[in-house]
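These are the residues of each chain, in order.
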Amino acid sequence: MIEIKNLTKRFGSHQALDSLSFNVPAGQVMCLLGANGAGKSTTLNLLLNFIEPDSGEMTIDGDSVVISPEKTKQKLVYLPEQVNLYEEFNALENLVYLAKLSGHVTSNAEIEQALTDTGLQKSAWLQPLSSYSKGMRQKVGIAFALLRGAKVLLLDEPTSGLDPSATLEFIRIIEKLAQRGAAILMVTHDLYCAHCLAHQIGIMKQGQLKALLNNNNLSLEALEKEYHQHISDNNELTKTTISDTTSNTTPSSKPATQNA
Ligand SMILES: Nc1ncnc2c1ncn2[C@@H]1O[C@H](COP(=O)(O)OP(=O)(O)OP(=O)(O)O)[C@@H](O)[C@H]1O
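Since the structure is predicted, the reported quantities are computational estimates derived from the model, not experimental observations.

1. As for the nonpolar core
Within the largest apolar cluster, 53 residues are counted, with the highest numbers of intra-cluster contacts made by Leu-115, Ile-174 and Ile-184. Here the element with the most residues in this core is helix α6 (residues 164-179); it accounts for seven residues. Residues contacting Ile-184, with those up to four places away along its chain left out, are Val-24, Gln-28, Val-29, Met-30, Leu-153, Leu-155, Ile-174, Leu-177 and Ala-178. Counting 26 residues, the second largest nonpolar core, distinct from the first, contains Val-24, Leu-44, Ala-183 and Met-204.

So this is what it looks like as structure tokens:
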């Protein structure tokens, strides 16, 4: 569903992305980890067509992000770290308005169902967004993805600032979206969340994918070890793919949340 091949991006003399390649199939979650400046947000910005690559290919559901950006934008929903919605509108009003803006015809019943699916308490639906917590705002953003039937969800540090129970709720909602067939790419510093959610975990450093881990029988401790090994300064930057016995891009299963 999301396919990235040899993606390269420079800002002046700085190589922000260096021949990055990975795939996120429908129904799967991929988490991108890496220290500050590794190139994670640049990857999202390229997929969103906010910036143009120097070289390489990106496709979403078979359409090129560079050649057909209008088509690819129709297929994805992006949730930035701070979900910006209309503060004076309530959740229902926001969703009616966002649906109209995106040219999506929707009924009140569909909007209510989407909000119910995210677990946003009904008592909050008519409250202005200015009174919402980060977790509640995210639920409205995810409800929009459900309404749009988004094939791809791009998430930038969605759990930063969430308390543990809000993080768990978020993990469960994202699992549901993946089960409905969405391909989800999540940039995060939250190893626990990545371990709970992801089918694949990419570790980036200096614009390169240094490890692509198949999160099948990978313990949190092993993930932490891999992460620190790959981002440490004196690491030799060899490339790892922990998926020797299976395909490295389409792992078949991942740990259940409750076992993580
Ligand atoms: N518009 C820009 N102009 C110049 N340099 C940029 C621009 N955007 C990103 N960079 C640089 O590219 C590199 C990668 O940045 P990016 O934001 O992708 O990192 P990141 O992995 O998302 O980091 P963080 O975890 O801090 O969000 C950094 O060195 C950053 O300074």
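2. Side note on the pattern of salt bridges
Tallied over the entire structure, the rule returns seven salt bridges. The closest approach of N and O atoms between Lys-151 and Asp-61, which form a salt bridge, is 2.8 Å. Highlighted residues: Lys-151 in the loop between α5 (134-148) and β7 (152-156) and Asp-61 in the loop between β4 (55-60) and β5 (63-64), separated in sequence by 90 residues. On the basis of relative accessibility, which here comes to 36%, the residue Lys-151 falls in the partly exposed class. Owing to a relative accessible area of 28%, Asp-61 belongs among the partly exposed residues under this scheme. In this structure, Arg-137 engages Glu-87 in a salt bridge whose closest nitrogen and oxygen atoms are separated by 2.7 Å. Separated by 50 residues along the polypeptide, Arg-137 in helix α5 and Glu-87 in the loop between β6 (76-79) and α3 (91-101) bring together distant segments of the chain. Residue classification places Glu-87 among the partly exposed positions, given a relative accessible area of 31%.

3. Notes on the packing of α3 against helix α4 (residues 108-118)
Between α3 and α4, whose axes approach to 10 Å, the crossing angle comes to 120 degrees. Overall, the two elements α3 and α4 adopt an arrangement that is oblique. Of the two elements, α3 crosses α4, and the hand of that crossing is right-handed. Here α3 contributes Ala-91, Leu-92, Leu-95 and Val-96 to the contact with α4, which in turn contributes Ile-111, Glu-112 and Leu-115.

Rules of the game
Residues numbered from 1 in each chain as written. Predicted model: local features only at pLDDT ≥ 70, side-chain atom pairs only at ≥ 80, totals over all residues. Heavy atoms only, no water. Core = buried A, V, L, I, M, F, W, Y, C linked by side-chain atoms within 4.5 Å. Buried < 20%, exposed > 50% of the residue type's maximum accessible area, 1.4 Å probe, protein only. Helix = DSSP H or I, 4+ residues; strand = E, 2+ residues; numbered from the N terminus. Contact = heavy atoms within 4.5 Å. Salt bridge = Lys/Arg side-chain N within 4 Å of Asp/Glu carboxyl O. Axes fitted to C-alpha atoms, helices over the stretch in contact; angles between N-to-C directions. Parallel < 35°, antiparallel > 145°, perpendicular 65-115°, else oblique. Left-handed = near helix turned anticlockwise from the far one by under 90°.

Limitation: the analysis is restricted to geometry and does not speak to function.
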